[in-house]
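Spelled out, the chains give:
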Amino acid sequence: MAGAPLAEHAPAAGHDEGHHDVRPVRKTAMWVFLGSECVFFGAMISTFLLYRSNTNGGIGSEIFDIPFTSASSFVLLMSSLTMVLAHGAYYGGDLRQARVWLAATALLGTTFLAGQIFEFSEFIHQGLTLTSSPFGSAFYMLTGFHGAHVAVGVLLLGSMFLLSLGGRLYDDRGLNVELVGLYWHFVDIVWIVIFTVVYLLQQP
Amino acid sequence: MAERAHPTPGMYWLIAAVLAVITAAEIAVPQISAFDGAPRVLLLIGLGALKFGAVVAFFMHLRFDKPLYRNLFLVGLFGAIPIFTVVLLTFTAF
Amino acid sequence: MALMADTQRTLSPGPRGVWGWLTTVDHKRIGLLYAVTAALFFFIGGVEALLVRMQLFQPNGEVLSSDAYNQLFTMHGLTMVFLVIMPIAAAFTNYFLPILVGARDVAFPRLNAFSYWLFLFSGLLVYSSFLVGGAPDGAWVGYAPLSTQLEEVVRMDFWTVGLQLLGVASIASSANFIATVFTMRAPGMTMLRMPVFVWMALVVAFLLIFSLPAVGIGLFQLFIDRNFGGLFYAAEAGADPLLWQHLFWVFGHPEVYVLILPAMGIVSEVLPVFSRKPLFGYPFIVFSGAAIGFIGFGVWSHHMFTSGMGPIAEAGFGVATMIIAVPTGVKIFNWIGTTWGGRIRFSTPMLFSLGFIAMFVIGGLSGVTHSVIPADTQQHDTYYVVAHFHYVLFGGAVFGYVAGVYYWFPKWTGRLLDESLGKLHFWLALIGFNLTFGPMHILGLNGQPRRTYRYGENLGWDFWNQIATIGAFIILVSFLVFAWNIISSHFLRRGRPAGRDPWDGRTLEWTIESPPPVHNFDEVPQVHALDEFWHRKYAEDDEGRAVRMPDVTGGAVTVETDSGGDGDAHGDIHMPSPSYYPALASAGLVTMGAGFVYLPWGWLAVGVGAVISMWAFFGWSLEPITREH
């Protein structure tokens, strides 16, 4: 890692004649947003728990392929590592290495999404669809919305990567990368909950 | 309160290794018939919570950052959990 | 002087005319946009209510078809909650929250503009339904499975999509306000020196940010059921439609406090000024406001006592509902304590604030009767409930916001509203309001169901329904007086010039010009106390009476700094530049929303809208906040 973090510039009390430190402002908003997302996913997870055995006489949780999902969960989990390494590299001023980790994170995220698409098509092929039962509706909505969050994250990471090629984004010790990172880790911890609640706990 | 120093990359790799070990344990627990029933559920929830906490505390820097961020997030998290627990209980328990 | 001219250029309010308003990121202009838009929707929602009242004027009414009636009461509820009271609260919060904490703008000025445009466009989207085959007609609560099964497929989709987008706008502005309060306060402005209005706005922001996602999920589920064959609320497939009621009221009950708390904040600002006394028990008012917000998340099921949840859940939620009356009562007593022994001036803002307290007490008490479950079972879905929530939301919230308009209008426009017309407005509104909604208690206890289109002749409901309809028209007259007052004072320039501090105010907004300059404060104020401005104007004598300090005149002294400075500070003020990306981004999102209403061929509009909003968001994120001049 290239040296110690850059010197802290003393944040004034919120704002200092127009030049206020945007760091705490943006991070506060991001954390508020993530708190709000807890309720968002909480509502979907409870819907799934309510309907976990409402299979309408069709396919239920026995359809899950635990080894496969474990592998894709692990991929997403490790993308959190690469994400935090990217942020650390930015923070330390090593832009080149940060770029590598950003690309790795986006790649791992894409791999996870590909796994989810494969899983969905497999399930639909076997007869579990959005319209086959309340269980199906709840399952596809929860994992689908999570997948949409991952897709947005991949999009953000891709933009970060492209911007970093032009040397942009280095403002304020990679604050933007840090914010995208917070979002990315949150998407990861939501999957940790989904993996436990939806997959592992529903095994017979 | 100023932000405390961030962890080093070595620390991140260590956390990732711990996460990997916990994930392996999560996959193993349902295979062990001695844990069937309530112990399995409790173990899986506990292991999941460990992973959740590790990512939040270290990768999201919540351990090192301003307490404000932690509070904002925990209000959402610990607000959502009891509310939705009660919602689910009204369907079944009462 | 050259430096001053330079400052003027840096701080120009941006382009004029329509383009200026479309691209503004100034929290004050956005606040005014919210206010004007809410006023227009208030007129529309009022007309809808009057049509409903005309239909009910006599038995077997013939004014409306049942279909039109269903659309009108649905749109009346949706309009008044989401397009009137929430935005008027947002108007006050936008305009005054930054000023009251001594900031030059909100934390994210462009996000703020985005919230406004998304609100406006979503409101227009919902209202466009009248032009294309009918408005939503499944009540503002949209209970499943009625809302998933209504014949006219498109109508309720306007409601699901419109509410979803309005929710996004509210979440964005709430995150904005929270970040502003936590990170942008002036030096010395500790949390417990913040005016009560700021505190209430903060609690409201938290309520919205943690409750809206629940109904957001419910709305997605309804939408999936209606359009993609989902089975979330399909009882025939083993699903439980009661889930919708939970998701809706987990949001819907905090929402009630979202509507009332800012009004309580305004009243808490008005009462001390017009009683010439500090607010009695400031920390109690603040913490009971926060307690209301907190407990407000634990009482949602009292809207569902007749849904068969079982005795334990019902008892629990009944008790929680009784408990939430306690912090509310604490506030009432503190307000009364504030006026007690004060030198009261009965100006219009004060009259409306006192009206607020009286009407809110009545509404609060009838609310407590709902927590008694056997009584609630009798009252559920009758006009008694309609009476209750109009006492808290009209006699309560709307009176509070009207007090806010009279109180802060001089700060907005530089001119005072006419006091005689204001008093006429108040008394007409008070009488009309009680004539309209008072009798509904009786009608409800006599069994008149809510949302019924007609009633028979022999039920004994004729007289009170006629009184209620007459009262509704008196309310109309009172608000026409109000509208004339605003037109005459501002647009015809007949209002008395206000100066900086027309009411002998206590808080920071009265230290600056009316209307305030674009950067609010020439120099960021240093705050030493609660009621900062009062303490700059008054000292206490030996007996604790307020004595005006001799060298301070009506707010001419704004900040305590060594004014020998050469104005360096002015030159350093950089306000954010205007941007059209926020309006463009919200236009893109609402285009997507309109597409979702008209699936499947609406996918085209969804795609177009997605491209527009992506373009806008990228442009937004790459555009510097302050462009070089």
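Rules of the game
- Residues numbered from 1 in each chain as written.
- Chains lettered and ligands numbered in written order.
- Predicted model: local features only at pLDDT ≥ 70, side-chain atom pairs only at ≥ 80, totals over all residues.
- Heavy atoms only, no water.
- Salt bridge = Lys/Arg side-chain N within 4 Å of Asp/Glu carboxyl O.
- Buried < 20%, exposed > 50% of the residue type's maximum accessible area, 1.4 Å probe, protein only.
- Helix = DSSP H or I, 4+ residues; strand = E, 2+ residues; numbered from the N terminus.
- Contact = heavy atoms within 4.5 Å.
- Buried area = accessible area lost by both parts, 1.4 Å probe.
- Polar contact = N/O pair within 3.5 Å; in protein donor to acceptor, adjacent residues only side chain to side chain.
- Axes fitted to C-alpha atoms, helices over the stretch in contact; angles between N-to-C directions.
- Left-handed = near helix turned anticlockwise from the far one by under 90°.
- Nonpolar A, V, L, I, M, F, W, Y, C, P; charged D, E, K, R; others polar.

1. Things to note about the pattern of salt bridges
Tallied over the full model, the rule gives 20 salt bridges over all chains. Ionic pairing is found between R40 of chain B and D36 of chain B, a salt bridge with its closest N-O pair at 3.4 Å. Judged by relative accessible area, R40 of chain B falls into the buried class, the value being 10%. Judged by its relative accessible area of 43%, D36 of chain B is partly exposed. D67 of chain C is paired through a salt bridge with R155 of chain C; the nearest N and O atoms lie 2.9 Å apart. Residue D67 of chain C is found in helix α4 (residues 66–100), and its partner R155 of chain C is found in helix α7 (residues 153–183); the two are separated by 88 residues along the sequence. Among the residues examined, D67 of chain C registers a relative accessible area of 33% and is labelled partly exposed. Beyond isolated ion pairs, a larger network of salt bridges with shared partners links R276, D501, D504, K537 and R548 of chain C.

2. Comments concerning the environment of A91 of chain C
Along the chain, the position of A91 of chain C falls in helix α4. Separated by 56 residues in the primary sequence, A91 of chain C and A35 of chain C place their C-alpha atoms 5.2 Å from one another.

3. Regarding the interface of chain A and chain C
Between chain A and chain C, the contact holds 37 residues from the first and 42 residues from the second. Both faces combined, the contact of chain A with chain C buries some 3,200 Å², and carbon together with sulfur accounts for 72% of it. Viewed at the interface, chain C and chain A are joined by zero salt bridges. Where chain A packs against chain C, one counts six residue pairs in polar contact (both at pLDDT 80 or more). If you list the elements that add at least two residues to the side of chain A that touches chain C, you get α1 (22–50) and α4 (134–165) of chain A.

4. Some details on the packing of helix α5 (residues 109–128) of chain C against helix α19 (residues 581–597) of chain C
Residue and element names in this part refer to chain C. Axis separation between α5 and α19 bottoms out at 8 Å; the angle between their running directions is 35 degrees. Crossing angle aside, the handedness with which α5 passes α19 is right-handed. Each of R110, A113, F114, W117, L118, F121, S122 and L125 in α5 lies in contact with α19, whose residues at this interface are P582, A583, A585, S586, A587, L589, V590, G593 and A594. Residues that form the contact of α5 with α19 fall into these classes: 13 nonpolar, three polar and one charged.

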